[in-house]
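# Survey of secondary and tertiary structure
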Amino acid sequence: MLRVADATYDLAAYDEVMVLGGGKAAGHVAAALEGVLGERLSGGVVVTDDPVATDRVDVVEGAHPLPDEAGRAGARRVLERASGADERTLVLAVVAGGGSALLPSPAGDLGLDDLRSVTDELLSAGAPIAEVNAVRKHASAIKGGRLARAAAPATVVGLVFSDVVGDDLGAVASGPTAPDGTTYAEALGVLDEHDVAAPAVRGHLEAGVDGD
């Protein structure tokens, strides 16, 4: 039996128990989970900028605060493992501060350079992190609950290590396992408010506003 907060999970009910996610602490969390679960842990993938040695979970080193190609490759692996989960899979989703940059997965026709440039411009303009994340969620295939959606119908348990005042689950690492409470229009408004051009990202957000 695995107890997480007030919930208890019967490990015998699952064929696979995997660790997926990212953030600055993700490697250390993966190593700790290996210590707790041992051979019951099937494996997994996490992306971090502070890698540690692990036996079962693959630890991918990415960049922070601006995303890099290694992080993108790691995020792709996380999504691929999540997509292969079924109703007899228990996903322990590690969500930690820094995950917004460490789990870059451009949505639609966007590229990594588009994510890097819009993130850099928003940070340089002094945009609050919640506003930056609103844009990143709508430009991502993994944030804003999309990791949990990819893993469905698996059981997904979020292990969230908050670096956000108030511990908003949708704000930590842009909420890969939490519902997105923001809209395309609000994300577009962030670019307008801070006078950020980001034409590719703007085009993607405008398509979202139009329902495309």
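Up top you'll find the structure we're talking about.
This write-up is about the structure you can find in this document.

Quick notes on the rules
- Position labels on residues start from 1 in each chain and follow its written sequence.
- Per-residue local features are limited, in this predicted model, to residues with pLDDT of at least 70; the limit for side-chain atom pairs, both in listing and counting, is 80 or more; totals at the level of whole chains, interfaces and linings are taken over all residues.
- To get the side-chain values, all heavy atoms of the structure are used, and hydrogens and water are removed first.
- Per the convention used, a helix needs a DSSP run of H or I reaching at least four residues, while a strand needs a run of E reaching at least two, with both numbered from the N terminus.
- Contacts between residues were defined by any pair of non-hydrogen atoms, one from each residue, lying within 4.5 Å.
- The convention used is that axes are lines fitted to C-alpha atoms, helices contributing only their stretch in contact, and that angles between N-to-C directions extend from 0 to 180 degrees.
- Throughout, the term roughly parallel applies to angles under 35 degrees, roughly antiparallel to angles over 145, roughly perpendicular to angles from 65 to 115, and oblique to all others.
- Crossing handedness is read from the near helix: turned anticlockwise from the far helix by less than a right angle, it gives a left-handed crossing, and turned clockwise, a right-handed one.
- Nonpolar residues are Ala, Val, Leu, Ile, Met, Phe, Trp, Tyr, Cys and Pro. Charged residues are Asp, Glu, Lys and Arg, and all others, Gly as well, are polar.
- Pairs of strands are assigned from DSSP output, requiring at least two bridges between the strands.

## Considering the environment of Val 91
Position of Val 91 among the secondary structure elements: in strand 6 (residues 89-96). Along the chain, Val 91 and Ser 105 lie 14 residues apart, while their C-alpha atoms are 19 Å from each other. Setting aside its immediate chain neighbours within four residues, Val 91 contacts Met 18, Leu 20, Ala 85, Ala 151, Ala 154, Thr 155, Val 156 and Val 157.

## Here we look at the packing of helix 5 (residues 129-138) against helix 7 (residues 184-193)
Two numbers describe how helix 5 lies on helix 7: the axes approach to 9 Å, and their chain directions differ by 125°. Considered as vectors, helix 5 and helix 7 are oriented oblique to each other. Where helix 5 crosses over helix 7, the handedness of that crossing is left-handed. Where helix 5 abuts helix 7, its residues Glu 131, Ala 134, Val 135 and His 138 lie against Tyr 184, Ala 187, Val 190, Leu 191 and Glu 193. Broken down by class, the residue content of the contact of helix 5 with helix 7 amounts to 6 nonpolar, 1 polar and 2 charged.

## Here's the deal with the sheet that holds strand 3 (residues 16-22)
Taking strand neighbours across the sheet as the criterion, the 5 strands line up as 5-4-3-6-7 in an open arrangement whose pairing is parallel. The two strands at the open ends of the sheet, each matched to only one other strand, are strand 5 (57-61) and strand 7 (155-161). Here the strands of the sheet are splayed against their neighbours by 15° on average, with no regard to which way each runs. Of the strand pairs in this sheet, strand 6 and strand 7 are connected by 7 bridges, and their pairing is parallel. By the bridge assignment for strand 7, Leu 92 is matched with Val 157. Its contacts with the sheet put helix 2 (residues 69-83) on strand 3, strand 4 (43-48) and strand 5, and the angle it makes with strand 4 is roughly 150°.

By themselves, these are just geometric observations and shouldn't be taken as functional.
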